[in-house]
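Close look at the chain arrangement
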Amino acid sequence: MTSRALSRVRREDMFQSTSSSGYSNGYHHDGSSGGGAHSAENRLRRGSRSRSRNHGSGSNLRVSNRMIQQQQEEETGTDKAPAPCTDFDMAYFNSYAHLGIHEEMIKDRARTESYRNAIFQHQDRIAGKVVVDVGCGTGILSIFCAQAGAKRVYAVDASNIAVQANEVVKANNLSDRVIVLHGRVEDVEIDDEVDVIVSEWMGYMLLYESMLGSVITARERWLKPGGLILPSTATLYMAPVTHPDRYSESVDFWRNVYGIDMSAMLPLAKQCAFEEPSVETISGENVLTWPHVVKQVDCYTVTLHELESVSTRFKFKSMMRAPFHGFAFWFDVEFDIPAIFPSNNNTRIAAFIEPPNNHDIDGTQRKKRANPNEALVLSTAPEDPPTHWQQTLIYFYDPIEVEQDQVIEGSVTLSQSKENPRFMNIHLEYASNGRCFVKESVMR
């Protein structure tokens, strides 16, 4: 068993123990909590990484009286209290107490080195300044910021991994500059004005797990006008793909098993393999067209409401004749300094080159970059070095044969689940050669 597979199993054991203590990370069906085998199998198949770290209790780390303030605000009827921490949140945060998840992320060299390079590339904006690391995990990004000369770094994490992060900080003689805060960004208190926010918030398919909301909260609570956010922008892409090997391994296998016709298993095999999104690695050879921009996120201006539902229309033209098996999604993030024109503490306008109009795009362009020679980019695209995010695939139960230059058009909507906002509902409508299809799935 590979180390990645082991981390999946260990994380699954951890979720089971979490559920037994009254929390659940399952998805509600017909009013019942889904902590059973189906949800467990989905998590194992998808991978070890659930994504957020923002609540915890009890340690010798610095904490605040924000929870008491929240209760008082709720009792007086004011609307300034942060959103309550739910059972889903608690199970989610507890999942990040396991070291295996952090090991997987840190060993992703493309990820970790991109952040380190970005921090030192912007050393002139960090040295002597106050930094907040949202979801600090083991504290490695906080330490990079301290090494870049930050005056003070507030390392915020809700998971119990914050206890170990504090020990790491001590072991590196940085306790005078790196302060680990064990709690949600909604609950902890920071007395300083903040110059820089750094966070590795991206989930599978960019928006899965909703950790960007924590960055938005930190931005609105603490960031000075004109402050720096790393990464500054993110772009989610999609494209049609062909993947005959994957389809053959999962489905065609059942047509002849040791000389036995087991094709009666095909409907179940398709459902098990393709009902939900699959996180896996593909190559550029699997991609049938140029990608389409689903969503561009400006970390300086994006709102919580904006993330509740993301929709776009797409139109592709196949570059080859091939079986069309589904759509792949991936993302880029940029660590750039936009032109900031602060107007007040709550409004920041960032000057970026706008992406193509999503309603007119034909899939032939990716996002334009204002300074392509200067912007540091972390990409999870199929043609780039693999990362632990891989790509997210939405497979069809049956492939569609497409010809070269055949048009594929439709729409996709990504929305936060009402039961658990960390889950993502995916609604796909697509048409090609006069045939129309709909695919709905949930990323749990």
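Remember, it's a predicted structure, so these values are computed and weren't measured experimentally.

Things to note about the overall build of the protein chain
For the protein chain, the helix and strand inventory stands at 13 helices and 17 strands. Residues counted as buried form 54% of the 444 residues belonging to the protein chain. Long-range contacts, defined here as pairs at least 24 residues apart, represent 79% of the contacts in the protein chain between residues at least 6 apart. Surface summary for the protein chain: the accessible area is close to 19300 Å², and the carbon and sulfur share equals 50%.

So, the sheet that holds strand 1 (residues 130-134)
The five strands lie next to each other as 3-2-1-4-5, forming an open sheet whose pairing is parallel. Strand pairing shows two members of the sheet lacking a second neighbour, strand 3 (178-182) and strand 5 (223-230), which therefore form its edges. For this sheet, the mean inter-axis angle between neighbouring strands, taken without regard to orientation, is 20 degrees. Strand direction decides the pairing type here: strand 4 (residues 194-199) and strand 5, joined by four bridges, are parallel. When the sheet's bridge partners are listed, Val194 is paired in strand 5 with Leu223. On top of the sheet, helix 8 (residues 140-147) reaches strand 1, strand 2 (152-157), strand 3 and strand 4; it is set at about 175 degrees to strand 2, its chief contact.

Some points on helix 8
An α-helical turn contains 3.6 residues, so a residue and the one three or four places further along point in the same direction. The buried count for helix 8 comes to six of eight residues, which makes it a mostly enclosed element. Within the sequence span of helix 8, burial applies to Leu141, Ser142, Ile143, Phe144, Cys145 and Ala146. Downstream of helix 8 by a residue or two, Gly149 has a phi angle that is positive, lying close to 100 degrees.

Here we look at empty space enclosed by the protein
The tally for this structure, following the rule as stated, stands at four cavities of 30 Å³ or more. Of the volumes computed, that of the largest cavity is approximately 130 Å³. Lining the largest cavity we find 16 residues, and of these Leu207, Ser210, Leu307, Gln416 and Met424 sit closest to its centre. At three residues, strand 15 (residues 407-416) tops the list of elements feeding residues into the lining of the largest cavity. For the lining of the largest cavity, the class distribution of residues is 12 nonpolar, four polar and no charged.

What about the pattern of salt bridges?
A side chain of one charge can pair with a side chain of the opposite charge if their charged atoms are brought near each other. On inspection of all chains with the given rule, the structure shows 16 salt bridges. With its nearest N and O atoms 3.4 Å apart, the salt bridge here joins Arg221 to Glu189. Of this pair, Arg221 sits in helix 10 (residues 212-222) while Glu189 sits in the loop between strand 3 and strand 4, and the two are 32 residues apart along the sequence. According to the relative accessible area criterion, Arg221 is partly exposed, its value standing at 28%. Look at Glu189 and you get partly exposed, because its relative accessible area is 23%. A salt bridge links Glu403 to Arg321; the nearest nitrogen and oxygen atoms lie 3.5 Å apart. Of the two residues, Glu403 is situated in the loop between strand 14 (391-402) and strand 15 and Arg321 in the loop between strand 9 (309-317) and strand 10 (322-335); the sequence distance between them amounts to 82 residues.

As for the pairing of strand 9
Residues Val310, Thr312, Phe314 and Phe316 of strand 9 are buried on one face, while the alternating residues Ser309, Ser311, Arg313, Lys315 and Lys317, pointing to the opposite face, are not. Pairing geometry for strand 9 and strand 15, over nine bridges, is antiparallel. Bridge assignment links Lys317 to a residue of strand 15, and that residue is Val407.

Focus on the confidence of the model for the protein chain
Reading fine detail from the predicted coordinates is not recommended where pLDDT is low. Put simply, the protein chain has an average pLDDT of 80, and 71% of its residues get 70 or more. Contacts for the low-pLDDT stretch residues 63-79, under 50 throughout, to residues beyond four places or in other chains number 24 contacts. Low confidence marks residues 340-372, where pLDDT is under 50. Its contacts with residues over four positions away, or in another chain, come to 77 contacts.

Observations regarding the side chain of Gln391
Note on placement: Gln391 falls in strand 14. Gln391 has contacts with Ser278, Val279, Glu280, Thr281, Ile282, Phe329, Trp330, Thr380, Ala381 and Pro382, leaving out every residue within four places of it along the chain.

What about the sheet that holds strand 17 (residues 435-443)?
If you walk across this open sheet you meet the four strands as 9-15-16-17, and the pairing is antiparallel. Lying at the two open borders of the sheet, with one neighbouring strand each, are strand 9 and strand 17. Strand-to-strand twist across the sheet, computed as the mean angle between neighbouring axes with direction ignored, equals 15 degrees.

Remarks on the packing of helix 5 (residues 99-107) against helix 6 (residues 109-121)
Packing of helix 5 against helix 6 brings their axes to within 5 Å, and their N-to-C directions diverge by 70 degrees. Considering the angle they form, helix 5 stands roughly perpendicular to helix 6. Between helix 5 and helix 6, the contacting residues are Met105, Ile106 and Lys107 on the first element and Arg109, Arg111 and Thr112 on the second. For the contact of helix 5 with helix 6, a count of residues per class yields two nonpolar, one polar and three charged.

Rules of the game
- Residues numbered from 1 in each chain as written.
- Predicted model: local features only at pLDDT ≥ 70, side-chain atom pairs only at ≥ 80, totals over all residues.
- Heavy atoms only, no water.
- Helix = DSSP H or I, 4+ residues; strand = E, 2+ residues; numbered from the N terminus.
- Buried < 20%, exposed > 50% of the residue type's maximum accessible area, 1.4 Å probe, protein only.
- Contact = heavy atoms within 4.5 Å.
- Areas by Shrake-Rupley, 256 points an atom, 1.4 Å probe, with all protein chains shown as cover.
- Pairing = 2+ DSSP bridges.
- Axes fitted to C-alpha atoms, helices over the stretch in contact; angles between N-to-C directions.
- 1 Å grid on protein atoms, 1.4 Å probe; cavity = no way out; pocket = protein on both sides within 12 Å on 5 of 7 lines; lining within 4 Å.
- Points joined across faces, edges and corners; volume = space filled by probe spheres on them.
- Nonpolar A, V, L, I, M, F, W, Y, C, P; charged D, E, K, R; others polar.
- Salt bridge = Lys/Arg side-chain N within 4 Å of Asp/Glu carboxyl O.
- pLDDT = per-residue confidence, 0-100.
- Parallel < 35°, antiparallel > 145°, perpendicular 65-115°, else oblique.

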